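Remarks on the overall topology
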Amino acid sequence: MRTGIFLAVGFVILASSSLHAQTGAQLRAGDVFDLRLSGVPQEYAADFALQYAIDEEGSVHVPLIGEMKAAGLRPAQLERAMEDRLTAAHIFTRPVVLINVSPTSRHISVSGGVRSPQRLQWSSDVTLSSAIGECGGFTDFAQGSKIRLVRDGKIAGVYRLKDLQRDPARDPKLSPGDQVIVPE
């Protein structure tokens, strides 16, 4: 019996940490998410249970709500905005919106002097050095002292891998859409 309780508690902790990881990053154009609606009649909830994609302008079209700005918001913020809009328009009295961002729509790219340049699936725990490791490490001609991190089209930092290995606390966590460029 105790084992079952511990497993159930462990599952709840694991599920909540996964949800926390997804809510940590801002939504952006191209992100895809599932939407679930509760606290409303079942036939209406089914109309919302779709997969949505954020368009190039950063908006998403939701039934009964219309266009909503989504890019730049965290999933939890978009959930609250949708709930507020459904309530303010007197469509539903107590809707609860749940957004689950598809992890396959979030990537980082590693290019330049790595053995296997590629686009990697983003997760909340990926760091600059772990991304380089996933790509097979440096090539023979890589310059490990001038690694550039590009975020939102701007250089967010220049790093030296040896410094990051000496002090892992300085190893930056990557965000969806980041680019890691290792010069040769």
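Residues numbered from 1 in each chain as written. Predicted model: local features only at pLDDT ≥ 70, side-chain atom pairs only at ≥ 80, totals over all residues. Heavy atoms only, no water.

Bringing the overall build of the protein chain into the picture now. When its secondary structure is counted, the protein chain shows 5 helices and 10 strands. Scored against the burial criterion, the 184 residues of the protein chain give a buried share of 35%. Intrachain contacts of the protein chain at a sequence separation of at least 6 include 53% that bridge at least 24 residues. Of the roughly 10900 Å² of accessible surface on the protein chain, 55% is carried by carbon and sulfur atoms. (Helix = DSSP H or I, 4+ residues; strand = E, 2+ residues; numbered from the N terminus. Buried < 20%, exposed > 50% of the residue type's maximum accessible area, 1.4 Å probe, protein only. Contact = heavy atoms within 4.5 Å. Areas by Shrake-Rupley, 256 points an atom, 1.4 Å probe, with all protein chains shown as cover.)

Take the sheet that holds strand β6 (residues 107-112) next. In sheet architecture, strand pairing relies on hydrogen bonds along the backbone and comes in two forms, parallel and antiparallel. Strand order in the open sheet formed by 5 strands is β7-β6-β10-β8-β9, and the pairing between neighbours is mixed. A strand with exactly one partner marks an edge of an open sheet, and here the two such strands are β7 (118-121) and β9 (154-159). Ignoring strand direction, the axes of neighbouring strands in this sheet form an average angle of 20°. For β6 and strand β10 (residues 179-182), the ladder comprises 4 bridges, and the chain directions are parallel. (Pairing = 2+ DSSP bridges. Axes fitted to C-alpha atoms, helices over the stretch in contact; angles between N-to-C directions.)

A few words now on the nonpolar core. It is characteristic of soluble globular proteins that their nonpolar side chains tend to be buried jointly. If you look at the biggest cluster of nonpolar residues, it comprises 21 residues, and the most contacted ones within it are Phe 33, Phe 48, Val 60, Leu 78 and Met 82. Listing elements by their share of this core, those giving two or more residues are β1 (32-38), α2 (42-48), β3 (59-62), α3 (75-88) and β5 (96-101). For Leu 78, the residues in contact, after removing those within four places along its chain, are Leu 27, Phe 33, Met 68, Lys 69, Ala 70, Leu 73 and Ile 99. With 19 residues, the next largest nonpolar core counts Leu 128, Cys 135, Leu 164 and Val 182 among its residues. (Core = buried A, V, L, I, M, F, W, Y, C linked by side-chain atoms within 4.5 Å.)

Turning next to the pattern of salt bridges. Going through the model one piece at a time under the given rule, you end up with 7 salt bridges. For the salt bridge of Arg 80 with Glu 79, the shortest nitrogen-to-oxygen distance reads 3.6 Å. Among the salt bridges present, the one from Arg 151 reaches Asp 178, with a minimum N-O distance of 2.6 Å. Here the residue Arg 151 occupies a position in strand β8 (residues 147-151), and Asp 178 occupies one in the loop between α5 (161-166) and β10, the gap between them amounting to 27 residues. Using a relative accessible area of 27% as the deciding quantity, one classes Arg 151 as partly exposed. Judged by its relative accessible area of 1%, Asp 178 is buried. Through salt bridges that share partners, Glu 79, Arg 80 and Glu 83 make up one connected network. (Salt bridge = Lys/Arg side-chain N within 4 Å of Asp/Glu carboxyl O.)

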